Amino acid sequence: MQPETLRTASIIGTGSYAPDRVMTNADLEKIVETSDEWITTRTGIKERRIAGPEMTTSEMAARAALAAMENSGVKAEEIDLIICATVTPDMFFPNTACFVQTRIGAVNAACFDLSAACSGFLFGVETARAYIAAGTANTVLVIGADKLSSIVDWKDRNTCVLFGDGAGAAILRHREGSRGVMATRMGSNGGLAEILYIPGGGSAHPAGGPTSAENPVTIRMNGRETYKHAVTAMVEASQQVLADAGVTSSGIACFIPHQANLRIIEAIASRLDVSMDRFMINLDRYGNTSAAAVAIALDEANRTGRFKRGDKILMVVFGGGLTWAASVVEW
């Protein structure tokens, strides 16, 4: 829980962006050995959005940021920090947040990227809260954006059917009388890194280096182990953060989980004894968009009236690292 002596940080606006191109399960049947029935029954995904080769992560991120700025009434020059959570940066450096800054005209903002895979957006929200609480920043733009189509092995039917492209954003600021981000739990287990990872491209196996052929720059995943650890970590983090915030599950207006697999969400709902109709789910239309997934779901929930001012929401995520996080937020 956050000490009462520090400034609170509220999410005052949200935005999201997804590319126009829709890739359905039927489209995937044409390029890899799979079927709509196989994908749907195992994941709940029916389609995903795919960005064109000319579209970068920063462009998607900037479009989501502009939507969040409009939703919150915040002008570009008011933003003093931009945090972009991504595992598909435009390039190693400059950071993607710097490219976003230029695209939206946030000339007064400091910028950095954050890498926590699918957990990145909530890691970013908690980082923003800490900056605001300490008085180091007043208005923070947090973005989750990934172009996973650029790092998917389209011959691997176990992974290529899962992922899509998109971006989601939130603007945080102290709001008098609101508790904002009430509590957050984050965790990591680097000992399980090879359950979900990209082997090549970094300093261990540089792209184009002598071992690059054996370590491609594409996603590798042990699906069974990922499922097991995701359910356990997300349930425990949710239970812990509810206790930290002094809230019971019945006091949560909307649960917004990472949008990776419907079976994972159903398992979480069952263990928390919460009905599925209280969960925001859009993975059937977007697939897993990594750091963008919970951010896009948050924006859709906000814009469709799934909660109102003063309501409490719970967001929970899980990603490679392994990483996980849960936050209770008063809207």
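Residues numbered from 1 in each chain as written. Predicted model: local features only at pLDDT ≥ 70, side-chain atom pairs only at ≥ 80, totals over all residues. Heavy atoms only, no water.

> Please explain the packing of aromatic side chains as it appears in this structure.
In this description, an aromatic ring pair is defined by two values, namely the gap between the centres and the angle between the planes. Summed over the entire model, instances satisfying the criterion amount to three aromatic pairs. Between R157 and the ring centre of W38, over which it is positioned, the NZ or CZ distance is 5.4 Å. (Phe/Tyr/Trp six-rings, centres within 6.5 Å; stacked < 30°, edge-to-face > 60°. Lys NZ or Arg CZ within 6 Å of the ring centre and 35° of its normal.)

> Looking at this structure, I do not really get the sheet that holds strand 4 (residues 81-85). What am I missing?
Either a parallel or an antiparallel arrangement is found when strands of a sheet pair, and the pairing is made through backbone hydrogen bonds. Spatially, 1-7-6-4-5 is the arrangement adopted by the five strands of the open sheet, whose pairing is mixed. Of all the strands in the sheet, the pair left with one neighbour each is strand 1 (10-17) and strand 5 (110-114). Direction aside, neighbouring strands of the sheet carry axes that sit 15 degrees apart on average. Of the strand pairs in this sheet, strand 6 (residues 139-147) and strand 7 (residues 165-173) are connected by nine bridges, and their pairing is antiparallel. In the sheet register, A145 faces strand 7, and the bridge partner there is A167. Across the sheet, helix 4 (residues 96-104) is in contact with strand 4, strand 5 and strand 6; its angle to strand 5 comes to roughly 135 degrees. Against the sheet, helix 5 (residues 120-134) makes contact with strand 4, strand 5, strand 6 and strand 7, and its axis sits at roughly 165 degrees relative to strand 6, the strand it touches most. (Pairing = 2+ DSSP bridges. Helix = DSSP H or I, 4+ residues; strand = E, 2+ residues; numbered from the N terminus. Axes fitted to C-alpha atoms, helices over the stretch in contact; angles between N-to-C directions. Contact = heavy atoms within 4.5 Å.)

> How do you make sense of the packing of helix 3 (residues 57-72) against helix 4 when you look at a structure like this?
Relative placement of two packed helices is described by the angle separating their axes and the distance separating the axes. Between helix 3 and helix 4, the shortest axis-to-axis distance is 9 Å and the interhelical angle comes to 55 degrees. Put simply, helix 3 runs oblique to helix 4. By crossing handedness, the relation of helix 3 to helix 4 is classed as right-handed. Facing helix 3, whose interface residues are T57, S58, E59, A61, A62, A65, L66 and M69, helix 4 presents T96, F99, V100, R103 and I104. Taken together, the residues of the contact of helix 3 with helix 4 sort by class into eight nonpolar, three polar and two charged. (Parallel < 35°, antiparallel > 145°, perpendicular 65-115°, else oblique. Left-handed = near helix turned anticlockwise from the far one by under 90°. Nonpolar A, V, L, I, M, F, W, Y, C, P; charged D, E, K, R; others polar.)

> Would you mind going over helix 4 with me for this structure?
Owing to its 3.6 residues per turn, the α-helix brings residues three or four apart onto one side. Regarding helix 4, the residues found buried are T96, A97, V100, Q101 and I104. End-on view of helix 4: buried residues confined to an arc of 150 degrees, all on one side of the axis. Looking at the buried positions of helix 4, the neighbouring elements they touch are helix 3, strand 4, strand 5 and strand 6. N-cap assignment for helix 4: the residue whose side-chain oxygen lies 3.1 Å from the backbone N of A97 is N95. Positive backbone phi, at 80 degrees, marks G105, one or two positions downstream of helix 4. (Buried < 20%, exposed > 50% of the residue type's maximum accessible area, 1.4 Å probe, protein only. Arc of directions from axis to C-beta. Polar contact = N/O pair within 3.5 Å; in protein donor to acceptor, adjacent residues only side chain to side chain.)

> Just checking my understanding: could you explain the environment of A193 for this structure?
Note on placement: A193 falls in the loop between strand 8 (181-188) and strand 9 (196-197). For the pair A193 and T323, spaced 130 residues apart in sequence, the C-alpha to C-alpha distance is 9.3 Å.

> Help me out: how do you make sense of the packing of helix 7 (residues 223-245) against helix 8 (residues 262-272) in this one?
Two elements in contact, helix 7 and helix 8, have axes separated by 10 Å at closest approach and are oriented at 40 degrees. As far as their axial angle goes, helix 8 and helix 7 are oblique. In this structure, the crossing between helix 7 and helix 8 has a hand that is right-handed. Judged by residue contacts, Y227, A230, V231, T232, M234, V235, S238 and Q239 of helix 7 engage R263, I264, A267, I268, R271 and L272 from helix 8.

> I would appreciate a short explanation of the side chain of D311 in the present structure.
With respect to the secondary-structure elements, D311 resides in the loop between helix 10 (292-303) and strand 12 (312-319). With residues near it in sequence (within four places) discarded, D311 still touches A253, V329, E330 and W331.

> Explanation requested: the pattern of salt bridges in the structure shown.
One side chain can pair with another of opposite charge once the charged atoms of both are near each other. In the structure shown here, the tally under the stated rule is ten salt bridges. Between E300 and R285 there is a salt bridge, with the nearest N and O atoms lying 2.7 Å from each other. Of the two residues, E300 sits in helix 10 while R285 sits in helix 9 (residues 283-286), which places them 15 residues apart along the sequence. The exposure class of E300 is buried, given its relative accessible area of 15%. Residues D311 and K308 are paired through a salt bridge, measuring 3.3 Å at the closest nitrogen-oxygen approach. (Salt bridge = Lys/Arg side-chain N within 4 Å of Asp/Glu carboxyl O.)

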